[in-house]
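Below, each chain spelled out in residue letters.
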Amino acid sequence: MRIGRLGLVGVATLVASCGGKEFRVGGTISGLSGGITLQLNGQEDLTREADGPFSFETRVEDGEDYAVTVATAPPEQDCTVEGGTGKVAGADVGSVQVRCAARTYSLGGTVEGLDGTLELSLGGETLRVTTNGRYTFATKLPRGGTYTVGVASQPANQRCSVSNGSGTVAGNVEDLSVRCVHWYVLDNHQAASVVIGQKDFTSGVPDQGNATAGANTLNGPWGNPVLAGGRLYVSDQSSHRVLGFDGVPAAHDASATFVLGQADFTGSTPGFGQSGLERPEGLASDGTRLAVVDYLNNRVLLYPALPTSSEAPATRVLGQPGFDENDTEPGPCDASSFHLPEGAFIGHGKVLVADSAHNRVLVWNTIPTTNGAPADLVLGQRSFDTCASNDTTGDGVSDGAPSASTLWNPMGVWTDGTRLVVVDGANSRVLIWNQFPTSNGQGADLVLGQPDFTSRGTATTASGLRIPSYVASTGLQLFVADSQNHRVLGWNQFPTTNGAEADLVLGQPDFTSATESAPSDRGLHQPGGLLLAWPHVVVPDTNNNRLLVFTSR
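Quick caveat, the model's predicted, so the values are computed rather than measured.

> Would you mind going over the overall build of the protein with me for this structure?
Each helix and strand counted, the protein has 1 helix and 44 strands in total. Whereas a compact globule of 553 residues would reach a radius of gyration of roughly 24 Å, the protein reaches 35 Å, over 25% beyond that. Seen through its C-alpha atoms, the protein measures out along the principal axes to roughly 135 × 55 × 50 Å. Sorting the 553 residues of the protein into buried and exposed places 52% on the buried side. Counting only contacts in the protein whose residues sit at least 6 apart along the sequence, the fraction spanning at least 24 positions is 53%. As displayed, the protein has an accessible area near 22300 Å², and 49% of this comes from carbon and sulfur atoms.

> Would you explain the sheet that holds strand E27 (residues 290-294) in this entry?
One key point about sheets: their strands pair by backbone hydrogen bonds, in either a parallel or an antiparallel sense. Taken in spatial order, the 4 strands line up as E26-E27-E28-E29 in an open sheet, and their pairing is antiparallel. Looking along the sheet, the strands with just one partner apiece sit at the ends: strand E26 (280-285) and strand E29 (316-318). Averaged over all neighbouring strand pairs, the angle between strand axes comes to 20°, with direction disregarded. Two elements, strand E28 (residues 299-303) and E29, share 3 bridges in a ladder whose sense is antiparallel. Following the sheet pairing, Leu302 is matched in E29 by Arg316.

> Before we go on, may I ask you to explain the packing of aromatic side chains in this structure?
All chains considered together, the criterion is met by 8 aromatic pairs. Residues Phe338 and Trp364 carry aromatic rings whose centres are separated by 6.2 Å and whose planes lie at 80° to one another, so their mutual orientation is edge-to-face. In this pair, Phe338 sits in the loop between E29 and strand E30 (343-347) while Trp364 sits in strand E32 (residues 360-364), placing the two residues 26 residues apart along the sequence. Of the residues examined, Phe338 reaches a relative accessible area of 1% and is grouped as buried. Among the aromatic side chains, those forming a connected cluster through ring pairs are Tyr184, Phe479 and Trp534.

> Would you mind showing me how to read the pattern of salt bridges here?
Here the idea is simple: oppositely charged side chains can pair when their charged atoms come close. Scanning the entire structure with this criterion turns up 15 salt bridges. For Glu82, the salt bridge is made with Arg99, and the minimal N-O distance between the two is 3.0 Å. Here Arg99 lies in strand E10 (residues 93-102) and Glu82 lies in strand E8 (residues 77-82), a separation of 17 residues in the sequence. Glu82 sits in the partly exposed class, given a relative accessible area of 38%. With a closest N to O distance of 2.8 Å, Arg360 and Asp355 form a salt bridge. For the residue pair Arg360 and Asp355, the accessibility class agrees, reading buried in each case.

> Help me out: how do you make sense of a negative patch on the surface in this one?
Taken together, the side chains of Glu22, Glu61, Asp62 and Glu64 make up a negatively charged region of the molecular surface. With respect to the helices, strands and loops of the structure, Asp62 is situated in the loop between strand E6 (60-61) and strand E7 (65-72). The exposure class of Asp62 is partly exposed, given its relative accessible area of 40%.

> Explain the pairing of strand E40 (residues 487-491) to me, please; I cannot follow it from the model alone.
For a regular strand, the rule is simple: side chains alternate between the two faces of the sheet. The element E40 is largely enclosed, with a buried count of 5 among its 5 residues. Of the two faces of E40, the one holding Arg487, Leu489 and Trp491 and the one holding Val488 and Gly490 are both buried throughout. Pairing of strand E39 (residues 478-482) with E40, which is carried by 5 bridges, proceeds in the antiparallel orientation. Bridging from a neighbouring strand, Val480 pairs with Leu489 of E40. Linking two consecutive strands that pair antiparallel, namely E39 and E40, is a turn of 4 residues; a positive phi of about 55° is found at His486 within it. Across 3 bridges, E40 lies against strand E41 (residues 504-506) in antiparallel orientation. Note on E41: the bridge partner recorded for Gly490 is Leu504.

> When you look at the side chain of Ser337 in this model, what are you seeing that I'm missing?
Here Ser337 is to be found in the loop between E29 and E30. The class of Ser337 is buried, set by a relative accessible area of 8%.

> Just to check I follow, could you spell out the side chain of Asp207 for this structure?
With respect to the helices, strands and loops of the structure, Asp207 is situated in the loop between strand E21 (194-196) and strand E22 (226-228). No salt bridge is formed by the buried Asp207; the nearest opposite charge belongs to Arg241, separated by 4.7 Å. Asp207 has contacts with Thr212, Ala213, Thr217, Leu218, Asn219 and Ser239, leaving out every residue within four places of it along the chain.

> What is the right way to read the nonpolar core from this model?
The nonpolar side chains of soluble globular proteins are, as a tendency, buried together. Core analysis: the largest hydrophobic core is formed by 37 residues, its most contacted members being Val421 and Trp491. Ignoring anything within four residues of it in the chain, the contact list for Val421 reads Gly412, Val413, Trp414, Val430, Leu431, Ile432, Val471, Leu478 and Phe494. Listed in part, the 20 residues of the second largest apolar core include Leu114, Leu122, Phe137 and Cys160.

Definitions and limits used
- Residues numbered from 1 in each chain as written.
- Predicted model: local features only at pLDDT ≥ 70, side-chain atom pairs only at ≥ 80, totals over all residues.
- Heavy atoms only, no water.
- Helix = DSSP H or I, 4+ residues; strand = E, 2+ residues; numbered from the N terminus.
- Rg over C-alpha atoms; globule rule 2.2 N^0.38 Å.
- Buried < 20%, exposed > 50% of the residue type's maximum accessible area, 1.4 Å probe, protein only.
- Contact = heavy atoms within 4.5 Å.
- Areas by Shrake-Rupley, 256 points an atom, 1.4 Å probe, with all protein chains shown as cover.
- Pairing = 2+ DSSP bridges.
- Axes fitted to C-alpha atoms, helices over the stretch in contact; angles between N-to-C directions.
- Phe/Tyr/Trp six-rings, centres within 6.5 Å; stacked < 30°, edge-to-face > 60°.
- Salt bridge = Lys/Arg side-chain N within 4 Å of Asp/Glu carboxyl O.
- Patch = residues over 30% accessible without salt bridge, like charges linked within 9 Å, V, L, I, M, F, W, Y side chains within 5 Å.
- Lys, Arg positive; Asp, Glu negative; His and termini not counted.
- Charge placed at Lys NZ, Arg CZ, Asp CG, Glu CD.
- Core = buried A, V, L, I, M, F, W, Y, C linked by side-chain atoms within 4.5 Å.

Written out as structure tokens, the structure reads:
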């Protein structure tokens, strides 16, 4: 018996020395919903469709490495392996844990315009955002889950809104767009804080009564000013020039640092060419370029870079085939000519011009690269070759009443790339398109200043207008220079109904007054433009030969 037992031990030892022992590798699956395929050392596949223990058929020799991985997971599940790698140590491995859970997706987007601290909410999570750009919530949701993202806390002096803020998860959500704008808090009949062009609030004569213009004087300023690149640009119409200031002045009687349209600050002669101007009106900028509406020269000058010194020449002209044409006669009614243009807008890749005496707005869908480039779109007319006022039928003859698609002496234009606002001056109304027009003569969606699209009466009320001129907006608040009512009206929410009443009036003590004000810190006499330059609202007070600067509280 002893010899037999020794023989068996020897055989076992011999077997072990030839091939070694082999052991199983396995563990437990949990949270599974569907089929999963696991793989051992990149070779054997093992498929399971329910939670519980698992074990590969292939055995691994003692002391050898093993690696368990997920080859395929169930749809809409993520499965992880814990303890999936190691060395076999003289026993079966049963400690591998495969945990499956519903696949979840991230939610985020972009913030623009932020100037402070914003808090966004998603379910129970509050995300603090302090910079513009991308953001992502920590919370993740499964496919089919619903979400609502809102603003939990607004930044100081701003209002932020969320686009695409609710929906159903079908993958990673990356388009939760947040746009922040400054929020102007102004009082009715608020006093201005600074006057430009005069020594004090009680003065209002052209050029401060001097025989010539100066760096600190104005003569009939008209049209929207511009603040871009840290510089304030002002169209000084009757002196045929544009003045450039180092920012919005903080004190009365500030002097400009450069002038366009004249050789020096004392010049006031009409001109043309690349550097001359004749009664310039509205200005516009996209932050890098400047557009100057050269009213009596029937053209718009484009500067590809913001001018920073006197006599800086424009490099592109619209409305004329070149700079040398001194065409003060009305341009033909076509896609590339103007007749007394008064307003412009440049931004969102587009150029818009209020071709006022042609009773239309011309639109370039890209920034023009050649002089006299034809427009791509016309509003207020059915085609480029008709220019009559309130011509609903498109036969070139003025009709008796306006409509949603007609214009009569438009002046101010504004767009955020989606919505479009046009001040239809002689019809005493403001037209709003909720989506940027894509076809010639497309009708507006909304009208302010009138109860409907066929009315054109004047009124001095919270909902009425009398020959308005220019418009400015943050995209949330809307401001209109109601010129012949000698006031500025403000809406605190972008209007959504015809004839919506304004919330704010500047220049008058109430909504029913329309006094031609003598110079003061509160009154206006034919305001002819608007600029929103946080925290300031800058208003050209044309007949008082000055600009008033109102400051948000």
